[in-house]
Amino acid sequence: MVEERSPKPIHCKAAVCRAAGEPLTIEDIVVDPPKAYEIRIRVICSSLCHTDVTFWKAKVAPVFPRILGHEAYGVVESVGENVEGFAAGDTVVPTFLGQCDHCGSCTSEHSNVCDSVPFIIGPGMRRDGTTRFWDAQGNPLHDLLAVSSFSEYTVVDVNQVVKLDPAVPPKLACLLSCGAGTGVGAAWRSAKVEPGSAVAVFGLGSVGLAVVQGAKMCGASKIIGVDLNPDKEEVGRSFGVTDFVNPSQLGNRSVIEVIVEMTGGGVDYSFECIGVPSVMTDAFRCTKMGKGKTIMLGLGRDSDEVCLPSLELLFGRCVMGSLFGGIKPKTDIPILAKKCMDKELQLDALVTHELGLQEINTAFDLLLQGKCLRCIIWMDKDK
Ligand code: NAD
Ligand code: ZN
């Protein structure tokens, strides 16, 4: 049994991103012990989300060298001072968004963005701005979203750790800790999709397909999937898409015209799950006058601006951004895990590939080529 308040640094392997867009290198690193309000986690598996790719390409908050990865499942190795409710051996997921349960946001049903340990997009632990990672030469390594799960061990704030029943399968827990939780949550918590609604989902990656499942769970009757990759039609239908639109195969008609026509006036809910400003405009413009609601989930560049025609916006339509699909991680991830285990949600097919940490660059290639949904990266697969 590992000492719970182990004061010692841990030497382990991690995939380090040394420069924008370059292959990650597997390195020996040192992970500090957890400070107060922190938990050190032995990562069992992590998966690659498009958000990792966006940071890898340095489109947002570019700092290197850094350890990417923010979708993961693991076991508590040790806890720092003032950590309550967690002990070595607990099965957990780290999350990029925290939940303190006490602040104005956490106690409100209208927000999932905790104010007590604020979410920041840049590097550094959220309470003191410092890092817990060092390379073999003793130089600091930056984190990603204060999670950094492409490492055998990581340190995460107690606000950002969700305890899960050990019966929850590791791969499922991993998916729910970002992409799948975001997608299902966007339909369930952010949009609050109503039974019988018409929905459009732009981008059928894991986030979009999880939106599809969330919309289906909420009783949507028409779910239009939109993607440039023709292979996404079949996979989309297997998740619950009822109609598929490929914007590159519409001749001189626009995706907006086509969706407005298919729905007799526009969709009730539209979700952008890509991160492209022009697609965000399309997602808004295909919603129904008077009530349509657009949920923006895609992460673009820092400087991206979205164009929303002002007159069209006046027609009672609503646009909202959504972090983590509006879910409160500690409250909602266990609920979503149960819904999956009860087969109310079918997310297993999001896992299309499984690799070891040493092969992590292949996971990037597969996602960039549109050949995978989620690739699970097992920390001990190579041993
Ligand atoms: P992904 O790469 O697996 O999927 C993106 C899909 O969009 C692909 O199927 C691709 O073919 C399609 N696509 C790309 N450009 C397109 C276009 N112009 N028109 C139509 N389809 C297009 O990505 P993912 O992991 O599902 O993530 C999706 C987005 O969600 C990313 O921007 C990611 O950063 C973001 N994200 C946001 C949150 C949040 O909290 N808001 C959480 C997780 C991920
Ligand atoms: Zn809070």
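Just so we're clear, the structure is a prediction, and the values are computed from it rather than from any experiment.

A. Just the overall build of the protein, in detail. Scanning the protein from terminus to terminus reveals ten helices and 17 strands. Against the compact-globule benchmark of 21 Å for 383 residues, the protein has a radius of gyration of 20 Å, which places it among compact chains. Principal-axis analysis of the C-alpha atoms places the extent of the protein at approximately 65 × 40 × 40 Å. Buried residues in the protein amount to 57% of all 383 residues. Only carbon and sulfur atoms are counted for the fraction: they give 53% of the accessible area of the protein, which is about 15400 Å². Where the 37 positive side-chain charges of the protein centre and where its 46 negative ones centre are 2 Å apart.

B. A look at the pattern of salt bridges. Evaluated as defined, the whole model comprises 20 salt bridges. The partner of Lys222 in a salt bridge is Asp243, with the nearest N and O atoms 3.4 Å apart. Here Lys222 is found in strand β11 (residues 222-226), whereas its partner Asp243 is found in strand β12 (residues 243-245), with 21 residues between them in sequence. Judged by its relative accessible area of 24%, Lys222 is partly exposed.

C. How the structure looks around the UniProt feature "domain: Alcohol dehydrogenase-like N-terminal" (unreviewed entry) in the protein. Sites flagged by UniProt as "domain: Alcohol dehydrogenase-like N-terminal" (unreviewed entry) map to residues 37-165. As annotated, residues 37-165 has a helix share of 5% and a strand share of 27%, and its two end C-alpha atoms lie 22 Å apart.

D. View of the coordination of the zinc ion (ligand 2). Looking at the zinc ion (ligand 2), one finds its protein donor set to be Cys100 (SG), Cys103 (SG), Cys106 (SG) and Cys114 (SG), positioned 2.2 to 2.5 Å from the metal centre. Each of the four donor atoms bound to the zinc ion (ligand 2) contributes to angles spanning 102 to 119 degrees, and the resulting shape is tetrahedral. Positions of the donor residues of the zinc ion (ligand 2) along the chain correspond to the pattern C-x2-C-x2-C-x7-C. Take Cys106: its relative accessible area is 10%, and that puts it in the buried class.

E. Layout of the pairing of strand β17 (residues 374-378). Among the five residues of β17, five are classified as buried, and the element is accordingly described as predominantly covered. Side chains Arg374, Ile376 and Trp378 of β17 all project onto a buried face; the interleaved residues Cys375 and Ile377 project onto the opposite face, where all are buried too. Relative to β17, strand β3 (residues 38-47) runs antiparallel, the two being bridged by three bridges. Residue Ser47 lies in a different strand from β17, and its bridge partner there is Ile376. A crossover links strand β16 (residues 351-356) with its parallel partner β17, the connecting element being helix α10 (residues 360-368), and its sense is right-handed.

F. Region of interest: the site of ligand 1. Close contacts around ligand 1 come from 26 residues, with His50, Thr51, Asp227, Lys232 and Phe324 the closest. Within the backbone of Leu228, one N or O atom sits 3.4 Å away from a nitrogen atom of ligand 1. Interatomic distance of 2.9 Å between a backbone N/O atom of Leu299 and an oxygen atom of ligand 1. When isolated, ligand 1 has an accessible area of 880 Å², and the protein chains bury 87% of it. Going through the elements one at a time, α1 (50-56) and α4 (206-217) are the ones with two or more residues in the shell around ligand 1.

G. Representation of the sheet that holds strand β14 (residues 293-296). In space, the six strands of this open sheet follow the order β12-β11-β10-β13-β14-β15, with parallel pairing throughout. Strands at the two margins of the open sheet, each flanked by one partner only, are β12 and β15 (318-321). Ignoring which end each strand starts from, the neighbouring axes of this sheet average 15 degrees apart. Both strand β13 (residues 269-272) and β14 contribute to a ladder of four bridges, which runs parallel. Among the inter-strand pairings, Tyr269 is bridged to a residue of β14, identified as Lys293. Along the sheet, helix α3 (residues 179-190) contacts β13, β14 and β15; its crossing angle with β14, the most-contacted strand, is approximately 145 degrees.

Calculation notes
Residues numbered from 1 in each chain as written. Chains lettered and ligands numbered in written order. Predicted model: local features only at pLDDT ≥ 70, side-chain atom pairs only at ≥ 80, totals over all residues. Heavy atoms only, no water. Helix = DSSP H or I, 4+ residues; strand = E, 2+ residues; numbered from the N terminus. Rg over C-alpha atoms; globule rule 2.2 N^0.38 Å. Buried < 20%, exposed > 50% of the residue type's maximum accessible area, 1.4 Å probe, protein only. Areas by Shrake-Rupley, 256 points an atom, 1.4 Å probe, with all protein chains shown as cover. Lys, Arg positive; Asp, Glu negative; His and termini not counted. Charge placed at Lys NZ, Arg CZ, Asp CG, Glu CD. Salt bridge = Lys/Arg side-chain N within 4 Å of Asp/Glu carboxyl O. UniProt positions renumbered as here; feature names shortened; annotations may be inferred. Donors = N, O, S within 2.8 Å, 3.2 Å for Na, K, Ca; no water. Tetrahedral: all angles 85-135°; square planar, octahedral: opposite > 155°, others 65-115°. Pairing = 2+ DSSP bridges. Right-handed = clockwise from strand over helix to strand, strands pointing away. Near = heavy atom within 4 Å. Polar contact = N/O pair within 3.5 Å; in protein donor to acceptor, adjacent residues only side chain to side chain. Axes fitted to C-alpha atoms, helices over the stretch in contact; angles between N-to-C directions. Contact = heavy atoms within 4.5 Å.

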